[in-house]
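Fold and geometry: a report
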Amino acid sequence: MSIHEECGVFGVISPKPEDVASMVYYGLYALQHRGQESCGIVVNDDGVFSSYKDMGLVSDVFSRDVLEHFPAGRMAVGHVRYGTTGATTRNNCQPIEVNHQKGKMALAHNGNLSNALELRDKLELSGAIFHSTSDTETIAYMITRARLHTGSIEEAVSEAMDSLEGAYSLVLMSSTKLIAVRDPRGFRPLCYGQTPDGGYVVASESCALRAVGAEFVRDILPGEILIFSKNGIESRKEHCGQKDRKICIFEYIYFARPDSVIDGACVHSARLRAGEILAKRYPVDADVVIGVPDSGLDAALGYARESGIPYGIGLIKNKYIGRTFIAPGQDERFDKVKIKLSPVKSVLEGKRVVLIDDSIVRGTTSKRIVKLLREAGATEIHIRISAPAFLHPCYYGTDIDSEENLIANHHTPEQIAKILGANSLGYLPLEELSQLVEHDEFCGACFDGDYPTEIPADTRKDRFEGKI
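This paragraph deals with the overall build of the protein chain. Of the regular secondary structure elements, the protein chain holds 16 helices and 23 strands. For the protein chain, whose C-alpha radius of gyration is 22 Å, the value lies close to the compact-globule estimate of 23 Å for 468 residues. Taking the principal axes of its C-alpha atoms as reference, the protein chain extends roughly 70 × 45 × 40 Å. Pairs at least 24 residues apart make up 70% of the contacts formed inside the protein chain by residues separated by at least 6 positions. Accessible surface computed for the protein chain: about 18,000 Å², of which carbon and sulfur atoms make up 48%. One way to put it: in the protein chain the 52 positive side-chain charges average out to a point 3 Å from where the 64 negative ones average out.

This is the structure:
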């Protein structure tokens, strides 16, 4: 087992019919780092929905021919997926589409419901039939059921939120409205911006807004329901302030792109601070500081600046290989490591190296990287991790679901360093996490076990597979 991304969502509403599919395409391209299993786009052409979803990267799924078959429209939603609930199959591709008595809906979801199993059991016992094994379909069902007796789609969303627990940032589209929703704790990011022609764009990260020429306006508030329509923007805040804010700290450490700003905090700056903290807490005599591409690079720069040790490019990433852990299965993941990273011998040979990475899960990848550096001639390797040690599973969209597979649960840092073949190992101190974003309104349950919700009874990723 290893950590995985969650998902990326994107939506657009234009003042006039245009090629919104291409806008979503570029937005999803900017969010590709958040999920590389599958992707999808749904376009709304005056109430008629056209969609295309499949397994693979955005550039592979959406060829020029596919994009040209989308009609012009005023609205569209898109999604890139790594599934933390449900199998890696085409049935679980998003956005999910629903046709019902009160109209149509397309829904894209980032996050993970901690009470998905309980909700799904109740729905099935009442006669609901599920076509996928992701918790996103549960959200779609809850909204659809509420819509049958409410006056609007936003009222249905608000009613459904009374029953949803856990992490969910949503972009959903009806025949006439685009709606952005963030759970009351704000586990996962969501923001919106405005285009020069007066349109609006919603995205998981601000980097996707810039990709389509939109100017960042603000983050969606935890618990907020934001409605975009021909009448402008309406904000509903009945769920705001109900629960303590808990943005996932790993968004800053790893998930998000460095050029994104989440809830007012710059991701790049947070990673620089992580490196600076590591340099202060774990100083070492060394010749060069290098980072593991991509998320270790910013922290490595921060370590180098604080320590005075020169920063170097010691590992080159094959840009045509996805993030190591995206490939399901240990054997396939190990094979990818072999071709993903290449050491730069001239930087490493005969050098004492500080190696910065964002995390260690079971240690397989880290061990392989240390071996690469040794083969390139590094005389010493001191590993510094820009996050605390993983000790607990996550139920909110990060695929860490088994304590037995977490190396830090069974070994001390000194023992882990020996297992990996390194000279020393230092994790970001748990008490320093708040220094990354200059506030303590974050979730770090995977590090300290302090869960903001009840722990699910069944935590298996495939808990909905093969249900009778």
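After that view of the structure, there is still more to cover.
A few words now on the confidence of the model for the protein chain. Across the protein chain, the average pLDDT comes to 90, with 91% of residues at or above 70. Counted against residues more than four places away or in other chains, residues 323-330, with its pLDDT under 50, gives 29 contacts. For the stretch residues 463-468, pLDDT sits under 50, and the model shows 17 contacts to residues farther than four places along the chain or on other chains.

With that settled, the discussion passes to the sheet that holds strand β21 (residues 380-385). In spatial order, the strands read β17-β20-β21-β22; together these four strands make up an open sheet with parallel pairing. Edge positions in the open sheet fall to β17 (288-291) and β22 (424-427), since each of these has one partner strand only. Between one strand axis and the next, the sheet turns through 20 degrees on average, direction left out of account. Its contacts with the sheet put helix α13 (residues 364-375) on β17, β20 (352-357) and β21, and the angle it makes with β21 is roughly 150 degrees.

Below, the discussion takes up the pairing of β21. With five of its six residues buried, β21 lies for the most part within the structure. Examined bridge by bridge, β20 and β21 share six bridges and lie parallel to one another. Residue pairing across strands places R352 opposite E380, the latter belonging to β21. Note that the unit made of β20, α13 and β21 has a crossover that is right-handed. When β21 meets β22, the two strands line up parallel, connected through four bridges. Note that in β22 the partner of I385 across the bridge is Y427.

In this section: helix α4 (residues 116-125). Regarding α4, the residues found buried are A116, L117, L119, R120 and L123. Buried positions in α4, seen along its axis, are confined to an arc of 160 degrees and lie on one side of it. Exposed residues on α4 whose side chains face more than 90 degrees from its buried face are K122 and L125. On its buried face, α4 is in contact with β6 (103-113) and α5 (135-147). In the segment just after α4, G127 is the residue with positive phi, at about 110 degrees.

Relative orientation of the contacting elements helix α9 (residues 267-281) and helix α10 (residues 297-307) amounts to 45 degrees, with a least axis distance of 6 Å. With respect to α10, the element α9 is oriented oblique. The handedness of the crossing between α9 and α10 is right-handed. Counted together, H268, R271, L272, G275, E276, L278, A279 and K280 of α9 and D298, A299, L301, G302, Y303, R305, E306 and S307 of α10 form the full contact between these two elements. When grouped by side-chain class, the residues that make up the contact of α9 with α10 number six nonpolar, four polar and six charged.

Reading the values: the criteria
- As a convention, each chain's residues are numbered from 1 in the sequence order in which they are written.
- The model is predicted, so local features are restricted to residues of pLDDT at least 70 and side-chain atom pairs to those at 80 or more, both for listing and for counting; the totals for chains, interfaces and linings are taken over all residues.
- The basis for every side-chain value is the complete set of non-hydrogen atoms in the structure, without hydrogens or water.
- Each helix is a run of DSSP H or I of at least 4 residues and each strand a run of E of at least 2, with the numbering of both proceeding from the N terminus.
- What the globule rule says is 2.2 Å times the number of residues to the power 0.38, and the radius of gyration is computed from C-alpha atoms.
- Any two residues whose heavy atoms approach within 4.5 Å are treated as being in contact.
- Accessibility throughout is a Shrake-Rupley quantity obtained with a 1.4 Å probe, and a residue counts as covered only by protein chains that appear here.
- Charge convention: Lys and Arg are scored as positive, Asp and Glu as negative, and His as well as the terminal groups of each chain are ignored.
- Lys charges are placed at NZ, Arg charges at CZ, Asp charges at CG and Glu charges at CD.
- Per-residue confidence from the predictor is reported as pLDDT, which spans 0 to 100.
- Two strands are said to pair when DSSP picks up at least two bridges between them.
- Here, axes are lines fitted to C-alpha atoms. For helices the fit covers the stretch in contact, and angles between N-to-C directions go from 0 to 180 degrees.
- When a residue's accessible area, from a 1.4 Å probe over protein chains only, is under 20% of the maximum for its type it is buried; when over 50% it is exposed; and in between it is partly exposed.
- The crossover handedness rule: strands pointing away from the viewer, path from first strand over the helix to second strand clockwise, crossover right-handed.
- The arc in question is traced by the directions running from the helix axis to the C-beta atoms.
- The cut-offs work like this: below 35 degrees is roughly parallel, past 145 is roughly antiparallel, 65 to 115 is roughly perpendicular, and the gaps in between are oblique.
- Crossing handedness is defined as follows: a turn of the near helix away from the far one that is anticlockwise and smaller than a right angle gives a left-handed crossing, while the clockwise case is right-handed.
- In this classification, Asp, Glu, Lys and Arg are treated as charged, Ala, Val, Leu, Ile, Met, Phe, Trp, Tyr, Cys and Pro as nonpolar, and every other residue, Gly included, as polar.

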